[in-house]
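Topology and contacts: notes
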Amino acid sequence: MEEQLIIKFYSEEFKCSYPKFYGEFILTISNILQMKCNDVKELIIYYLLNGEKIFINNSNAFINFKNKEIKEIYIEINEESNLYKEEKKNLEENVPITIKNIQNLFENQLSKLKTEILEQSKLLLTNNENNNNNNKYNTNIILNAKNNLNLNQNIIHEGVECINCMICPIKGIRYHCLMCTHYNLCENCEEKMGFSHPHNLLKMRYPIKKKKTEKKTIKKKIKKNTNSSSWGRNKKDDSSEDIDNCFY
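Residues numbered from 1 in each chain as written. Predicted model: local features only at pLDDT ≥ 70, side-chain atom pairs only at ≥ 80, totals over all residues. Heavy atoms only, no water.

**A short note on the overall build of the protein**
Of the regular secondary structure elements, the protein holds 8 helices and 10 strands. Taking all 248 residues of the protein together, the buried fraction comes to 22%. Within the protein, counting contacts between residues at least 6 apart in sequence, those at least 24 apart form 43% of the total. Total accessible area computed for the protein in this model is approximately 19,300 Å², and 52% of it derives from carbon and sulfur atoms. (Helix = DSSP H or I, 4+ residues; strand = E, 2+ residues; numbered from the N terminus. Buried < 20%, exposed > 50% of the residue type's maximum accessible area, 1.4 Å probe, protein only. Contact = heavy atoms within 4.5 Å. Areas by Shrake-Rupley, 256 points an atom, 1.4 Å probe, with all protein chains shown as cover.)

**Things to note about unusual backbone geometry**
Going from C168 to P169, the amide bond is cis rather than trans, its omega being 0°. Tracing the backbone shows P169 in the loop between β6 (156–157) and β7 (170–171). A positive phi angle, close to 55°, is found at N50, a residue other than glycine. The topology assignment puts N50 in the loop between β3 (44–49) and β4 (52–55). For M166, which is not glycine, the phi dihedral falls at a positive 65°. Here M166 shows up in the loop between β6 and β7.

**Some thoughts on the nonpolar core**
F25, I29, I45, I56, F65 and I73 are the most contacted members of the largest nonpolar core, which has 22 residues in total. Elements that contribute at least two residues to this core include exactly β1 (4–9), α1 (22–33), β3, α3 (59–67) and β5 (72–76). Ranked by the residues each element gives to this core, the list is headed by α1, at 5 residues. Each residue touching F25, except ones within four places of it in the same chain, is listed here: L5, P19, I45, I56, F62 and I73. I173, Y175, C177 and C189 belong to the second-largest nonpolar core, a separate cluster that totals 10 residues. (Core = buried A, V, L, I, M, F, W, Y, C linked by side-chain atoms within 4.5 Å.)

**Section: the confidence of the model for the protein**
Looking at the protein, the pLDDT average stands at 76 and 68% of residues meet or exceed 70. Looking at the elements of the protein, mean pLDDT is at its lowest for helix α8 (residues 230–246), recorded as 41, and at its highest for strand β9 (residues 184–185), recorded as 93. Overall, residues 228–248 carries pLDDT values under 50, and its contacts beyond four positions in sequence, including any with other chains, amount to 16 contacts. (pLDDT = per-residue confidence, 0-100.)

**Re the sheet that holds β9**
Taken together, 3 strands build an open sheet; the order of strands is β9-β8-β10 and the sheet is antiparallel. With one partner strand each, in any of the chains shown, β9 and β10 (201–204) form the two edges of the open sheet. One ladder, built from 4 bridges, connects strand β8 (residues 174–177) with β10; its direction is antiparallel. Looking across to β10, one finds that R174 is bridged to M204. (Pairing = 2+ DSSP bridges.)

Structure representation (structure tokens):
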């Protein structure tokens with residue numbers, strides 16, 4: 001059966017495998033007490049022999065201890081060690097609980113809370129201002145879109161029919177194919193099927209105005225050239241009708 005060593009640290013007691021050399025001995029205590037090896041070396045480590053304390057503070061002392069086959073050691077904190085001084089400092093820094101200390105603690109927490117509330121309020125006001133600006137911007141976009149829509153509806157392309165919904169005349173924006181003479185779409189139908197047409201579509205915001213003065217001038221010239229004969233009069237009538245048809 002493996003030999004075991006009993007380690008007593010004040011009121012606590014631990015059991016471990018018997019270490020073979022001094023370095024293992026220090027490492028075992030370090031693992032048990034959760035300390036650094038350098039702090040372990042500052043501890044008071046001893047065993048009792050005939051009621052006398054024998055200290056284990058180096059390799060030779062550990063070898064003598066092991067040769068005596070003693071199974072029990074004692075560990076205490078050295079008041080001159082850095083570990084003790086640090087613990088003492090921490091204890092001294094701990095403020096005793098009094099009404100005054102509780103009041104100070106409460107006032108500090110209240111001050112922090114007020115600061116947080118003020119910062120949250122500023123952030124909320126900033127967000128509200130940004131939201132108001134965004135709402136105004138969105139409202140302007142909607143109003144402009146409505147105005148443009150109303151303006152478009154007032155524009156009429158006389159005599160032009162939408163090839164899809166057959167509405168005539170087209171109101172608003174007219175889309176005319178650059179290759180197909182009679183291919184026209186209204187604004188709504190262009191959104192639905194304009195992408196499927198193989199040719200480019202010309203976006204026409206305003207209708208093409210017909211040149212009536214040019215039409216009248218051509219009619220006058222025909223009248224002058226056809227007044228001399230009856231054949232001319234018949235030809236005049238036919239030509240007038242053909243010219244009328246070319247403008248519609």
